[in-house]
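Report on the structure
Each chain, written out:
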Amino acid sequence: MENSACCKIPKTNHEFWVSKIKRNKERDKEEQKLLAEMGWHCITVWECELKPQKREETLNSIAFTLNHIWMQDHGVKPKDYNPYPQPFPREGAMVAEDEVD
């Protein structure tokens, strides 16, 4: 296990922390698998992904993932999806008044 921007392994008792973090990750994967079998979707967001310099990218990624999950769960293919349905028929709709001479 390498040190990363999100997870700094303490220098004291290093092997304990490496082992603990590894076990936590394995447990998390198993829990997510069990939840998926029950029909739940899991999205993991690390605290470091919410820091100001990365927050917008993370939130956009979450929005994309949620949209993808919703479309998949509802059997919607991307080509069929229109997030902005027209509130009224386009035919006969008037955007501005007719010109007056």
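So, how was this worked out
- Think of each chain on its own: its residues are numbered from 1, step by step along the sequence as written.
- Residues qualify for local features only when their pLDDT is at least 70, as the model is predicted, and side-chain atom pairs are given and counted only at 80 or more; totals for whole chains, interfaces and linings, by contrast, use all residues.
- Side-chain numbers come from the whole structure's heavy atoms, not from hydrogens or water.
- Counting from the N terminus, the helices are DSSP H or I runs at least four residues long and the strands are E runs at least two residues long.
- For each residue, the accessible area found with a 1.4 Å probe, counting protein chains only, is set against the maximum for its type, and the residue is called buried under 20%, exposed over 50%, and partly exposed in between.
- By definition, residues are in contact when any of their heavy atoms lie within 4.5 Å.
- Accessible surface is estimated by sampling points in the Shrake-Rupley manner with a 1.4 Å probe; for residues, cover comes only from the protein chains shown.
- Residue count minus one, scaled by 1.5 Å, sets the expected span of a helix.
- Like charges are joined within 9 Å and nonpolar side chains (Val, Leu, Ile, Met, Phe, Trp, Tyr) within 5 Å, but only among residues with over 30% relative accessible area and no salt bridge; these make up the patches.
- For salt bridges, the criterion is a side-chain nitrogen of Lys or Arg within 4 Å of an Asp or Glu carboxyl oxygen.
- Pairs of N or O atoms within 3.5 Å make up the polar contacts considered here, provided that, within protein, one atom can donate a hydrogen while the other can accept it, and that residues adjacent in sequence are counted only when both atoms are side-chain atoms.

**Looking at the overall build of the protein chain**
Counting secondary structure elements, the protein chain contains two helices and zero strands. A burial count over the protein chain gives 7% of its 101 residues as buried. Considering only residue pairs separated by 6 or more positions, the protein chain has 13% of its internal contacts joining residues 24 or more positions apart. Element-wise, carbon and sulfur atoms account for 54% of the exposed surface of the protein chain, whose accessible area totals about 9,700 Å².

**Brief notes about the environment of leucine 35**
Position of leucine 35 relative to the elements: it lies in helix H1 (residues 14–37). Using a relative accessible area of 30% as the deciding quantity, one classes leucine 35 as partly exposed.

**Observations concerning H1**
For H1, with 24 residues, the first-to-last C-alpha span of 35 Å sits near the 34 Å given by 1.5 Å per residue. In the segment just after H1, glycine 39 is the residue with positive phi, at about 95°.

**Thoughts on a nonpolar patch on the surface**
Taken together, the side chains of Ile43, Val45, Leu50, Leu59 and Leu66 present a nonpolar region at the surface, about 390 Å² in accessible area. Mapped onto the elements, leucine 66 comes out in helix H2 (residues 52–73). Its relative accessible area of 47% is what places leucine 66 among the partly exposed residues.

**Let's talk about the pattern of salt bridges**
Under the counting rule described, the total for this entry stands at one salt bridge. With a shortest N-O distance of 3.1 Å, arginine 27 and aspartate 28 are connected by a salt bridge. Using a relative accessible area of 35% as the deciding quantity, one classes aspartate 28 as partly exposed.

**Considerations on the side chain of threonine 58**
Tracing the backbone shows threonine 58 in helix H2. A polar contact of 2.6 Å, which involves the side chain of threonine 58, links it to the backbone oxygen of glutamate 49. Residues contacting threonine 58, with those up to four places away along its chain left out, are Val45, Glu49 and Leu50.

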